[in-house]
Amino acid sequence: MHDVAKHDDSKGQYFWVWGALLVLTGVEVWLGYNQVFKDPKQMLEVLMVLSIIKSALIIAYFMHLKFETALMRWMIVISVTGCFVIMFFFFFPDANRILHLGVK
Amino acid sequence: MADATLQHHVAAGHGTEGEFEAPLFGAYSKKVGMWLFLASDSLTFGALLFAFSYNRIYTTPWPMPFGKDSIINATIMTACLLSSSLTMVMAVFAAQRHDRSWTRNWLLATMFFGTAFIVLHGMEWTKLIHEGLSLPGFPKPAGQESGEFAKISTGVPQFAATFFGLTAMHMLHVTIGVIYLGVVALRKWFLPILGVLWLAGYFLIPSDNVFHYGVQALLIGLIVSAVILFLKPKDYDAHDVEVSGLYWHFVDLVWMFIFPLVYLMSTKIS
């Protein structure tokens, strides 16, 4: 038997998610505009964590993935995340190499 | 959205006429197709975002051109996209209860927020280009050479290239999304509206503005929409609205990464 979506159909949760996304955006703007973290790397890490939380809310609720079958949910999340991890290991060590050692 | 996912029954025996194997993901094929497209498109944006970050890390000093006005503008753009996602969810709800007029109204509200995003972004681009931030292929407005950002364009060309490349790709996706929703909401009635918008854009936007040429995306959208609507006319149902919503939310999702990376990480320190 396939995993059939079971979830709350109430519209209220979508307003809560929308509100949370607006609040998180406000926090990002406050952090970025006031340069709360002087180190750009630290700022980047904090902003990316907030962005990942926002994207998870959008994917889970607005895009409805939370209510899809487990197979679909995990296949999409694992495959896309896996590709991003590979991209990360391709790009960033090289960017740091250029920064610290120069182009050789 | 209980009926959004197929409540299919297990096909007891295959090979019997009229029976089909149950779908692997428990969802209708259009939805699976859209998810697979979005997975591939996320890699396109992922590559662009990684390329931007790569340039951001190894280029020192990185330009910090976005002042208070730009940040306020970009924050309003973000709020527009987030609100459009909420109205899109409402459109899917309305479609599932077969309420045609509210489905259309919510889709039009979503299109309004999407259009507001494009207009605000276009204004931001125009301002930056007038202040000197430009690419070699762009038309040159008067006084651009002496603008505040002219040195950035020549000294750190990676900034303009990655900024315009990334945001143009996203703006194109938003434009395609607005056209997609227009086709679902208004069907053939949307074609003359799109035609008028294209003509208005082409004749009213000055030729030294990059959007005088960018507005041709509307003409391409008009041709593609006309081909789809005339070759395969149909009454779009709740599934179509939900699939168009997936695309729209994805466009919103991508901006959640572009906004902090491009704008907030390049804020002008006052």
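Computed from a predicted model, the values in this text were never measured in an experiment.

S.K.: Describe the overall build of chain B, naming the residues involved and giving the relevant values.
M.R.: Within chain B, the regular secondary structure consists of 9 helices and 0 strands. The order of α-helices and β-strands along chain B, N terminus first, is α-α-α-α-α-α-α-α-α. For the C-alpha atoms alone, the extent of chain B along its principal axes is close to 75 × 40 × 30 Å. Relative to its full complement of 270 residues, chain B shows a buried share of 38%. Counting only contacts in chain B whose residues sit at least 6 apart along the sequence, the fraction spanning at least 24 positions is 70%.

S.K.: Let's hear about the interface of chain B and chain A: which residues, and what values?
M.R.: Counting residues at the interface gives 41 residues for chain B and 45 residues for chain A. Secondary-structure elements contributing two or more residues to the side of chain B that touches chain A are α1 (29-58), α2 (68-96) and α9 (238-263) of chain B. For the side of chain B that touches chain A, the element with the highest residue contribution is α1(B), accounting for 10 residues. For the side of chain B that touches chain A, a count of residues per class yields 29 nonpolar, 11 polar and 1 charged.

S.K.: For the nonpolar core, give the residues involved together with the corresponding values.
M.R.: All names here are of chain B. Ranked by internal contacts, the top residues of the largest apolar core, which has 84 residues, are Ala91, Leu181, Val254, Ile258, Phe259 and Val262. Broken down by element, the residue count for this core peaks at 16 residues, all from α9. Apart from the residues lying within four places of it in its own chain, the contact partners of Ala91 are Thr103, Trp106, Leu107, Thr110, Val241 and Gly245.

S.K.: Before we move on, could you go through the domain arrangement of chain A and cite the residues and values that matter?
M.R.: Domain boundaries in chain A define domain 1 (10-67) and domain 2 (69-104). Of note, the centres of domain 1 of chain A and domain 2 of chain A, computed from C-alpha atoms alone, are 21 Å apart.

S.K.: Explain the confidence of the model for chain A to me, and be specific about the residues and the numbers.
M.R.: Residue and element names in this part refer to chain A. With 85% of its residues at a pLDDT of 70 or more, chain A shows a mean pLDDT of 84. Summarising per-element confidence for chain A, the mean pLDDT is lowest in helix α3 (residues 70-101) (83) and highest in helix α1 (residues 12-33) (95). Scored below 50 in pLDDT, residues 1-7 makes 15 contacts in the model with residues more than four places away or belonging to other chains.

S.K.: I'd love a proper account of the environment of B:Leu194, names of residues and values included.
M.R.: Residue and element names in this part refer to chain B. Positionally, Leu194 belongs in helix α6 (residues 190-204). Accessibility expressed as a C-beta count within 10 Å gives 21 for Leu194, which makes it buried. Sequence separation of Leu194 and Ile223 is 29 residues, and the distance between their C-alpha atoms is 10.0 Å. In contact with Leu194, other than residues within four places in its own chain, are Ile179, Gly182, Leu218, Gly221, Leu222 and Ser225.

Cut-offs applied
- Once a new chain begins, its residue numbering starts again from 1 and follows that chain's sequence as written.
- Both sets of labels track the order of writing: A upward for chains, 1 upward for ligands.
- In view of the model being predicted, local features appear only for residues whose pLDDT reaches at least 70, and side-chain atom pairs are presented and counted only at 80 or more, with totals across whole chains, interfaces and linings using the full set of residues.
- Note on conventions: DSSP H or I runs of at least 4 residues are helices, E runs of at least 2 residues are strands, and numbering of each starts at the N terminus.
- For the exposure call, what matters is how many other C-beta atoms sit within 10 Å of a residue's own: 20 or more marks it buried, 12 or fewer exposed, and in between partly exposed, using C-beta atoms placed from the backbone.
- Whether two residues are in contact depends on their C-beta atoms, placed from the backbone: they are in contact if these lie within 7 Å.
- Classification convention: Asp, Glu, Lys, Arg as charged; Ala, Val, Leu, Ile, Met, Phe, Trp, Tyr, Cys, Pro as nonpolar; all other residues, Gly among them, as polar.
- Only buried Ala, Val, Leu, Ile, Met, Phe, Trp, Tyr and Cys residues enter a nonpolar core, and they are joined through C-beta atoms within 7 Å.
- All the domain ranges listed were derived from an automatic or database domain assignment.
- Summary of the metric used: pLDDT quantifies the predictor's per-residue confidence within the range 0 to 100.

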